[in-house]
Structure formats: structure tokens, C-alpha cells
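# Fold and geometry: a report
Okay, here's what each chain looks like letter by letter:
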Amino acid sequence: MGIELADKVVLVTGASIGIGREIALRFAAAGSRLALTYFEHTTEAVVVAERCRGLGAPDVIMASLQLADDDSIRMLFEAVIDHFGAVDIIVNNAGVVVWKPFLEQDFGELETQLAVNLTGVMKLTWVFLPMVNDAVITIGSTATLHQSRTPPTYCATKWGLRGFVKALALEHPGKRIVSVHPTVTATRMNDMQGMPPERVAEVVMRVACGDIEVEPGGDVDVREHANA
Ligand SMILES: NC(=O)c1ccc[n+]([C@@H]2O[C@H](COP(=O)([O-])OP(=O)(O)OC[C@H]3O[C@@H](n4cnc5c(N)ncnc54)[C@H](OP(=O)(O)O)[C@@H]3O)[C@@H](O)[C@H]2O)c1
């Protein structure tokens, strides 16, 4: 491990369940101080925060976040900066998908996916970036690395994010700004089918600690690194 994660302040969005929960648990085991977010799974979020403390995270706050709501993003920023002063690493993990063909999705479903997965992540990054000391790791999708049968709207949000990360990294060369792309993973989002989320989290941790080196704005394909 090149980069020490103990005592680092790490913000993980969407840490109540799925991939985000596994990422949070691993940072906790590394001794990081944690700002975690949930949206609807309040009870699960409380349990995750407790588990993180039990694993050795010296300081954990759990806050609600609705990425489609500007005020919610600002309130999260104020809560995190009031508590920790700054952030070392952001993991932009939270996301949604509507599993319907494009023409069966109404405008509201299109807008929600764009608001949560793309503009919400961009706004959260905009708000936090000046206070980020080290890294912004954004969870994309292997649907942006090859043509896939992923629903087109979700696909568009993740391609947008990938482009955002690439351009942002060139504007901010002093920070590590990269994408990590999971393949189909066994979470709620994917009907619990696919790669265990723990393996995705391991790859994120290897990026965070510098074990996997990534060029600015670069892409980490989880399939190439899981269990490597
Ligand atoms: N699973 C896959 O096959 C797969 C493949 C490629 C990429 N990914 C990406 O991996 C990331 C994590 O997905 P996952 O599979 O772990 O999904 P998940 O199990 O459905 O978890 C999604 C997380 O995002 C949070 N969230 C949902 N809507 C939100 C909103 N409007 N505002 C803020 N947070 C919100 C959820 O909070 P609550 O649960 O508290 O509501 C939850 O913590 C996503 O970016 C996803 O696109 C997943």
C-alpha cells in the first residue's frame, strides 16, 4: 500500500447497501474516518455505520443524501465540512437504474436517472472538490467500455460521467480523479446477480491506496483486477 488510508477522511455516497456498503466497510477496516450517505435505506444505514465503528473507523457520520436535490447536496457538504474540516477521498458511488427499454421509460424516469447518476454527481463534485485533498473515485460501469444491453438512459448517464471524469482530471492535475467500472454485480440494482460486491470494493480500495495506478481521468475495469 503506497498511500496510507488510516485517519483519512473518506466520503462514500450510497453506502447503505450494495457496492457502497462494501466500500465503506473496507475503508473502516483501514482505519479511515468516514462520511457515509444513504437515501431510502435508513435502517440499513444505521447498521453500516455501527459495523464501520466496530471494524475500527475512528469517526463515522451517516447522512441522508438525495442526489437529485440541490439543497440535499449542500446540506451534506455543510455537515461533512463542519464535522471533518476537509475530505481526502470522495467515492461517487450512489446510482440508480430503471430496467425498462428506452421507449417504455417516461420523461420522469429519464430525468431521475440523469439527475442522480450524472448531474447530481457533478454537483456534489463541484461542491466538494475545493475541499478534497487527494482523490475523487467515481463508480462508472463497464457499459461505457464496450457496447452493452444496458438500458440506454442509464448507459448515457455513465458515458457522461466517464467524460466528466476525464475532462475534470485535466483541469485538476493535483488530484487523483479516476473512474472505476464494475461489471454486473450482485446487488439490488442487478437483482442480486453477478460478481460479489466485495470484489468491486477490493478494486476500489486498491485504487485508493495506490496499489492500482491510474493515469489522470483513467478507467479501471473491475474485471481486469478483481481477484488479481
Ligand atoms: N450492480 C451492478 O451490476 C452495477 C454495475 C455497474 C455499475 N454499477 C454502479 O455501482 C454503483 C452502486 O450500485 P449498486 O449496485 O451498489 O446499487 P444499489 O445496491 O441499488 O445501491 C445504490 C445506492 O445508491 C443510493 N441511492 C439511490 N438513489 C439515490 C439518490 N437519489 N440519491 C442518493 N443516493 C441514492 C442507495 O441508497 P438507499 O439504498 O439508501 O436508497 C444505495 O445506497 C452505482 O453507481 C451503479 O450504477 C452497478
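Here, the structure is the one placed above.
Our subject in this report is the structure included herewith. Keep in mind the model is a prediction, meaning the values are calculated, not measured.

### Thoughts on the nonpolar core
Core analysis: the largest hydrophobic core is formed by 60 residues, its most contacted members being Val-12, Ala-24, Leu-34, Leu-36, Ile-137 and Val-204. Per element, the largest residue contribution to this core is 7 residues, and it comes from helix H6 (residues 197–208). Ignoring sequence-local partners within four residues, the contact set of Ile-137 consists of Ile-89, Val-91, Val-178, Val-180, Val-204, Val-207 and Ala-208.

### Topic: the site of the ligand
The environment of the ligand is formed by 30 residues, the closest being Gly-14, Gly-18, Phe-39, Gly-95 and Thr-187. No other element matches helix H1 (residues 18–29), which puts 3 residues into the shell around the ligand. Considering only residue class, the shell around the ligand consists of 14 nonpolar, 14 polar and 2 charged.

### Some thoughts on the pairing of strand E5 (residues 132–139)
The element E5 is extensively covered by neighbouring structure, given that 6 of its 8 residues are classed as buried. In the sheet, strand E4 (residues 87–92) pairs with E5 via 5 bridges, with the strands oriented parallel. Paired with Val-87 across the strands is Val-132, a residue of E5. For the handedness criterion, the β-α-β arrangement of E4, helix H4 (residues 107–128) and E5 is classed as right-handed. Bridging between E5 and strand E6 (residues 176–181) involves 5 bridges; their strand directions are parallel. Within E6, the position partnered with Thr-138 by the bridge is Ser-179. After leaving E5, the chain enters helix H5 (residues 152–171) and then returns to the sheet as E6, a path that is right-handed.

Basis of the calculations
Along each chain, the written sequence defines residue order, and numbers are assigned to residues from 1. In keeping with the model being predicted, local features are shown solely for residues with a pLDDT of at least 70 and side-chain atom pairs are shown and tallied solely at 80 or more, while totals for entire chains, interfaces and linings include all residues. Buried Ala, Val, Leu, Ile, Met, Phe, Trp, Tyr and Cys residues form a nonpolar core when they are connected through C-beta atoms within 7 Å. Every C-beta atom is placed from the backbone, and the number of other C-beta atoms within 10 Å of a residue's own sets its class: buried at 20 or more, exposed at 12 or fewer, partly exposed in between. Working definition: helices are DSSP H or I runs of at least four residues, strands are E runs of at least two. Numbering for both runs from the N terminus. We call two residues in contact whenever the C-beta atoms placed from their backbones are within 7 Å. Working rule for contacts: place C-beta from the backbone, and if it is within 6 Å of a molecule or strand, that residue counts as near it. In this count, Pro and Cys sit with the nonpolar residues alongside Ala, Val, Leu, Ile, Met, Phe, Trp and Tyr, while Asp, Glu, Lys and Arg are called charged and the others, Gly among them, polar. Whether two strands pair depends on DSSP finding at least two bridges between them. Assignment of crossover handedness uses the view with strands pointing away from the viewer, where a clockwise path from the first strand over the helix to the second indicates a right-handed crossover.

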